[in-house]
Amino acid sequence: MQETDLALLSDAVRLAARVATSYTGKSARFWDKPDGAGPVTEADLAVNACLEATLRLARPDYGWLSEESEDTADRLSRETVFIVDPIDGTRSFQEGSRTWAHSVAIAHQGRITAGAICLPQRDKLYTAAEGSGAFLNGTPLSASAGREITGCELLAARPTTDPGHWHEGVVPGFRRAYRPSLAYRLGLVGEGRFDGMLTFRPTWEWDIAAGAIIVAEAGGVCSDKSGAALRFNNERPLLNGVVAAGRDMHPGLITALRR
């Protein structure tokens, strides 16, 4: 079932890409969401409507969780749920940058079984299904085999270098890079282009659901910042940060963090 679900997700994000690229980021109408939740554009809503129509028609028994849809308790009674970020990196899209993504995943009984991330402006399609490996444009992926944190390269926002996050206030000597889309960051970890990815803020499920399975199927590990396994389709769909890295480096990162 995972393979047929993945084919559905892959087709859906390709369709989403055609919808999104029909808008020009800088000229697309936008407004700010309530409570400081960030911007949304008319393209976000158009992509969300396209994905919901496509995916729910194909799998009417699946629940629905999307950044751009009103959440309801209905999904909590479903064993299987779509988890969707129509445009991850809306500010990047709005600015006319290329670093934004469509991120779509399927969770079954709390675990991700299939995921797809598409970056239309970078010609990248990441895909993964449980037990079947992770791929970029059809080429198999392998996460970094690095073990040492000192000198490694991690994708992280500047606040992650605050000593308060680290054991005894000692920040490991890693090199920091940044990309605005969390989904893209996880795809890059799956590629092995970066050794890992960190975010310590509470993180919405739709930002990381697809990326989590891409990292795992590429041979990496993706957990919350305490090292606990990620579980999806929670009543409040927020996770306790994210730590993703190659299998050999992940334990060291968790140990280095302040408990």
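Parameters at a glance
- Residues numbered from 1 in each chain as written.
- Predicted model: local features only at pLDDT ≥ 70, side-chain atom pairs only at ≥ 80, totals over all residues.
- Heavy atoms only, no water.
- Pairing = 2+ DSSP bridges.
- Helix = DSSP H or I, 4+ residues; strand = E, 2+ residues; numbered from the N terminus.
- Contact = heavy atoms within 4.5 Å.
- Axes fitted to C-alpha atoms, helices over the stretch in contact; angles between N-to-C directions.
- Buried < 20%, exposed > 50% of the residue type's maximum accessible area, 1.4 Å probe, protein only.
- Polar contact = N/O pair within 3.5 Å; in protein donor to acceptor, adjacent residues only side chain to side chain.
- 1 Å grid on protein atoms, 1.4 Å probe; cavity = no way out; pocket = protein on both sides within 12 Å on 5 of 7 lines; lining within 4 Å.
- Points joined across faces, edges and corners; volume = space filled by probe spheres on them.
- Parallel < 35°, antiparallel > 145°, perpendicular 65-115°, else oblique.
- Left-handed = near helix turned anticlockwise from the far one by under 90°.
- Nonpolar A, V, L, I, M, F, W, Y, C, P; charged D, E, K, R; others polar.

J.: Any details on the sheet that holds strand S5 (residues 101-108)? Residues and values, ideally.
T.: An order of S3-S4-S5-S6-S7-S8-S9 is seen for the 7 strands of this open sheet, with the pairing classed as mixed. Each having just a single partner strand, strand S3 (63-66) and strand S9 (139-140) make up the two edges of the open sheet. The pairing of strand S4 (residues 80-88) with S5 spans 7 bridges and is antiparallel. Residue pairing across strands places Val84 opposite Val104, the latter belonging to S5. Across the sheet, helix H1 (residues 2-20) is in contact with S4, S5, strand S6 (111-119) and strand S7 (124-129); its angle to S6 comes to roughly 30°. Across the sheet, helix H2 (residues 42-58) touches S3, S4 and S5, and the angle it forms with S4 is around 155°.

J.: How would you sum up the side chain of Thr90? Please name residues and give values.
T.: Relative to the helices and strands, Thr90 is located in helix H3 (residues 90-94). Judged by its relative accessible area of 9%, Thr90 is buried. A polar contact is formed between the side chain of Thr90 and the side chain of Asp44, at a distance of 2.8 Å. Apart from the residues lying within four places of it in its own chain, the contact partners of Thr90 are Pro39, Val40, Thr41 and Asp44.

J.: Describe the layout of surface pockets, naming the residues involved and giving the relevant values.
T.: Here the second largest pocket defines a volume of roughly 290 Å³. Contributing to the lining of the second largest pocket are 18 residues, with Ile112, Ala212, Ala216, Cys222 and Leu230 lying nearest its centre. Mapped by element, the contributors of at least two residues to the lining of the second largest pocket are S6, helix H5 (205-217) and strand S14 (220-223).

J.: Which residues make up the packing of H1 against H2, and what are the values?
T.: One can describe the packing of H1 onto H2 by two numbers: an axis separation of 9 Å at closest approach and a directional angle of 155°. Taken as axis vectors, H1 and H2 run roughly antiparallel relative to one another. For the element pair H1 and H2, the recorded crossing hand is right-handed. For the pair H1 and H2, contact is made by Leu8, Leu9, Ala12, Val13, Leu15, Ala16, Val19 and Ala20 and by Ala46, Val47, Cys50, Leu51, Thr54, Leu55 and Ala58, respectively. Tallied by class, the residues present in the contact of H1 with H2 amount to 14 nonpolar, 1 polar and no charged.

J.: Quick one: what's the story with the pairing of S6, residue by residue and with numbers?
T.: Counting buried positions along S6 yields 8 of 9 residues, so the element is predominantly enclosed. Sheet topology places S5 next to S6; 7 bridges connect them, and they run antiparallel. Bridging from a neighbouring strand, Val104 pairs with Ala116 of S6. Counting the residues in the hairpin turn of S5 and S6 gives 2 residues, including Gln109, whose phi is positive at 50°.

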